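Here's the letter readout for the chains.
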Amino acid sequence: MSSDDKTNDPTGTILDAAQAPRRMKSGLVPADTGIYLRIEEGTAAGRTFMLSSGGVYIIGREGADIEIDDSKVSRKHAELGLYGTDVWVLRDLASTNGTSVNGRRVDDRAKLKHWDLIRVGDTRLRFAVIEKSIKVA
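Residues numbered from 1 in each chain as written. Predicted model: local features only at pLDDT ≥ 70, side-chain atom pairs only at ≥ 80, totals over all residues. Heavy atoms only, no water.

Q: What's the story with the nonpolar core in this structure? I'm lost.
A: If you look at the biggest cluster of nonpolar residues, it comprises 25 residues, and the most contacted ones within it are Leu37, Leu80 and Phe127. The set of elements that each furnish at least two residues to this core consists of β1 (34-41), β3 (55-60), β5 (78-84), β6 (87-92), β10 (117-120) and β11 (123-130). If near-sequence neighbours (up to four positions away) are discounted, leucine 80 is found in contact with Leu37, Leu51, Gly55, Val56, Tyr57, Ile59, Ile66, Val89, Leu90, Leu112 and Phe127. (Core = buried A, V, L, I, M, F, W, Y, C linked by side-chain atoms within 4.5 Å. Buried < 20%, exposed > 50% of the residue type's maximum accessible area, 1.4 Å probe, protein only. Helix = DSSP H or I, 4+ residues; strand = E, 2+ residues; numbered from the N terminus. Contact = heavy atoms within 4.5 Å.)

Right, dumping it as structure tokens:
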């Protein structure tokens, strides 16, 4: 291991990028399926995230894949996994204020379906799946 691979981490932990798992971001959802997450309540109400390529997305504050401006949302609050047709899973990542789907708390993970309402902090997001959708440039 070269000195370039070492970090200034006081614990001595070194990240080996070759061993770190990669999060897939494409090819898991059929091309004619549109998957969207829309903020319905919160500081960015109306903002929509297009997730149609599939993969795994982190919901959280600054630096997350799906960035939420809400002080009650953890940096890495929840994980949304889109693994293929009808295989959409939301996991709470041991967040302080919890995650819920349609008013029910997510203890570990919950399978999502079209039009589910997700709550993280004071933010509510609508999960939508549009099959046979037409891509708009």
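Now that the structure has been shown, we can carry on.
Q: Got a minute to help me understand the sheet that holds strand β9 (residues 109-111) in this structure?
A: What links the strands of a sheet is backbone hydrogen bonding, and the strands pair in either a parallel or an antiparallel sense. As summarised here, the arrangement of the five strands in space is β4-β3-β5-β6-β9, forming an open sheet in which the pairing is mixed. Both edges of this open sheet fall to β4 (66-67) and β9, since each of them pairs with a single strand only. Relative to β5, β3 runs antiparallel, the two being bridged by five bridges. Looking at β5, one finds that valine 56 is bridged to glycine 81. (Pairing = 2+ DSSP bridges.)

Q: Looking at this structure, how should I read unusual backbone geometry?
A: As a rule of thumb, non-glycine residues mostly have phi less than zero, and peptide bonds are mostly trans rather than cis. Phi angles above zero are rare outside glycine, and asparagine 102 is one such case at about 55°. Note that asparagine 102 resides in the loop between β7 (99-101) and β8 (104-105). Take asparagine 102: its relative accessible area is 41%, and that puts it in the partly exposed class.

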